[in-house]
Structures are given as C-alpha cells and as structure tokens.
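Given next are the chains, with one letter for each unit.
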Amino acid sequence: MQKVHARARVSMSDEEVARKESLRRLGLAVGCAIGGIGAGIMVLALPFVSPGFRKFALPYVPATPVQLESVLCHMRGRPGRVVDLGSGDGRVVMDLARQGHYAVGYELNVWLVLYSRCRALLTGVHRNTEFHRKDLWKVDLAKYENIIFFGVESMVSTRGCDW
C-alpha cells in the first residue's frame, strides 16, 4: 500500500514511513536526554554558584594542598577543639579529624554542609567532626581553642594593623 506524503507529494512505502517515524522519535529522545542532562547540571551547580549572588559574596574556594599541609603542620601537637569558619567542602575539618583533632566546620551554604557530612561519614571521620550551617560571624568562638579562617580580602580589614 502506498501513502502520499502531504508536503512533498511523494509516495512512500509503509517501511519508509515507519523508518522516518522511528528517526523522529529517536531525535526527540536524544533532544530530551541532552536537555535533561543540561538541566541536571544546572540544578547541581546552582547551590555552589548561588552564594556569589548575595550582597556580600563569600565565594567557595577549596583549600589547596599547600594550604592544607600548612594548617596540619601548625596544628600538630596543639590540644583543644578546632573550628573552621567557612568550611566549604569540609576538607580542612576532615584532615584535622584524621590527625586526631575534634574539628567543627561552619558554612553558610547548606549544600556544602550536607556534602561535608556525607563525605565525613563515608571516609570514617564523622565521630570527630561536626558540620553546621550558620553565618560565620554569629558563631560563638569561646568554646574553641583553635580557629581556622581563610578569608578573602573584602572580608578582612587591616586598618590600624602593622602586618
């Protein structure tokens, strides 16, 4: 049986019609998959990017291996609880916990706090760590003997300081 395609006024067999329909469905499926992947990437990236849109942006910048080694070196042999203000993904807190310290991280980004908690659980240091979502300017520091803070220039005032 022959079918006539309306636009081209060309006769197509049932096989040709079925082939074109399957290609159309395949194209639609591929397009939906690519769109879904793009939307998924945006949803996953948004919590990490959104703090940059606040009035006072505190960017998430992971500690470098050199910075981590410097913190660990300075903390060797020091007693007491440790707090990391703006703990980000929790790598400083977890490395300190591996070194035997009880370390607490405060972070404003809820997704980074959840990520840190999961990572601490998966790496086995969750008993020596805590992660909290809180504005770092509102943390009670009286209960900590050691404070770690990687600030950005816009957050630190050096007026009246000789350093």
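In the block above lies the structure referred to throughout.
What counts and what doesn't
- Residues numbered from 1 in each chain as written.
- Predicted model: local features only at pLDDT ≥ 70, side-chain atom pairs only at ≥ 80, totals over all residues.
- Heavy atoms only, no water.
- Patch = residues over 30% accessible without salt bridge, like charges linked within 9 Å, V, L, I, M, F, W, Y side chains within 5 Å.
- Areas by Shrake-Rupley, 256 points an atom, 1.4 Å probe, with all protein chains shown as cover.
- Salt bridge = Lys/Arg side-chain N within 4 Å of Asp/Glu carboxyl O.
- Helix = DSSP H or I, 4+ residues; strand = E, 2+ residues; numbered from the N terminus.
- Buried < 20%, exposed > 50% of the residue type's maximum accessible area, 1.4 Å probe, protein only.
- Axes fitted to C-alpha atoms, helices over the stretch in contact; angles between N-to-C directions.
- Parallel < 35°, antiparallel > 145°, perpendicular 65-115°, else oblique.
- Left-handed = near helix turned anticlockwise from the far one by under 90°.
- Contact = heavy atoms within 4.5 Å.

J.: Help me understand a nonpolar patch on the surface in this model?
T.: A grouping of Leu-23, Leu-26, Val-30 and Ile-34 is seen on the molecular surface, where their side chains present a nonpolar patch of about 380 Å² in accessible area. Here Val-30 lies in helix H1 (residues 14–49). Its relative accessible area of 41% is what places Val-30 among the partly exposed residues.

J.: Explain the pattern of salt bridges here, please?
T.: A side chain of one charge can pair with a side chain of the opposite charge when the charged atoms of the two come close. For the structure on display, the rule yields 5 salt bridges. Taking the shortest distance from any N to any O, the salt bridge between Arg-25 and Glu-21 comes out at 3.2 Å. Highlighted residues: Arg-25 and Glu-21, both in helix H1, separated by 4 residues, approximately one helical turn. Two residues, Arg-91 and Asp-89, come together in a salt bridge whose shortest N-O distance is 2.6 Å. The class of Arg-91 is partly exposed, set by a relative accessible area of 25%.

J.: Can you help me understand the packing of helix H2 (residues 65–75) against helix H3 (residues 91–98) in this one?
T.: The angle between the axes and the distance between the axes are what describe a pair of packed helices. The N-to-C vectors of H2 and H3 enclose an angle of 40 degrees; their axes lie 10 Å apart at closest approach. Taken together, the axis directions place H2 and H3 in an arrangement best described as oblique. Considering only the axes of H2 and H3, their crossing is right-handed. For the pair H2 and H3, the contacting residues are Leu-68, Val-71, Leu-72 and Met-75 in the first and Arg-91, Val-92, Asp-95 and Leu-96 in the second.

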